[in-house]
Amino acid sequence: MPETGGGIGRREMLGVAGVAACGLALAGCGAGDAKAQPVSGIKGKVLAKTADVPVGGGTLVEEWRIVVTQPTKGVYKAFSAVCTHKGCTVGTPKDNVITCACHGSEFAADSGQATKGPATAPLTVYQVKVEGDGIVVA
């Protein structure tokens, strides 16, 4: 039986819910760059041990969402692990490439520059130095 009294029927409610869900799904892949906020209070903190960061690769420090790389022997770099496309966390670097699994953006492990989209902005850089066997935020 049809509803009366001007109320919203079950079909209309399902339609509204479906449109809302589609809108949320599309918003998650919309245009725009995510801005990583620098992590405060980490100056002087050991991010990783030098032995844990392979040449041409790196390690992901999940606690602070920072990725530490060693693009060439003895050279260590650190970047925000927050992809500048939509804010996903990037993966562990391999072959001097930092890749975001969410949408496939790629970043150079020596500079943090976006080399493959959809991200266009570079990763936020953290200055680091080696102290003993630790890589420390300068």
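Structure: see above.
Note that the structure is a prediction, hence the values are computed from the model and not measured.

Engineer: Hey, could you run me through the pattern of salt bridges in this one?
Structural biologist: Side-chain pairing between opposite charges can occur once the charged atoms of the two side chains come close. Following the criterion strictly, the structure yields two salt bridges and no others. Lys49 is paired through a salt bridge with Asp133; the nearest N and O atoms lie 3.5 Å apart. You can see Lys49 sitting in strand E1 (residues 46-49) and its partner Asp133 sitting in the loop between strand E9 (128-131) and strand E10 (134-137), a full 84 residues away along the chain. Assessed through its relative accessible area of 38%, Lys49 is described here as partly exposed. Lys129 is paired through a salt bridge with Glu131; the nearest N and O atoms lie 3.3 Å apart. Since its relative accessible area comes to 41%, Lys129 is described here as partly exposed.

Engineer: What exactly am I supposed to notice about the nonpolar core here?
Structural biologist: Nonpolar side chains in soluble globular proteins generally cluster together in the buried interior. Leu47, Ile66, Val68 and Ala78 are the most contacted members of the largest nonpolar core, which totals 14 residues. Sorting the residues of this core by element identifies E1, strand E3 (66-72), strand E4 (75-80) and E10 as the ones contributing at least two each. Non-local contacts of Ile66, meaning those with residues more than four positions away in its chain, are made with Ile42, Leu47, Thr59, Leu60, Val61, Ala78, Phe79, Ala81 and Tyr126. Counting residues in hydrophobic clusters, the runner-up holds 12 residues, among them Ala81, Cys88, Val90 and Ile98.

Cut-offs and rules
Residues numbered from 1 in each chain as written. Predicted model: local features only at pLDDT ≥ 70, side-chain atom pairs only at ≥ 80, totals over all residues. Heavy atoms only, no water. Salt bridge = Lys/Arg side-chain N within 4 Å of Asp/Glu carboxyl O. Helix = DSSP H or I, 4+ residues; strand = E, 2+ residues; numbered from the N terminus. Buried < 20%, exposed > 50% of the residue type's maximum accessible area, 1.4 Å probe, protein only. Core = buried A, V, L, I, M, F, W, Y, C linked by side-chain atoms within 4.5 Å. Contact = heavy atoms within 4.5 Å.

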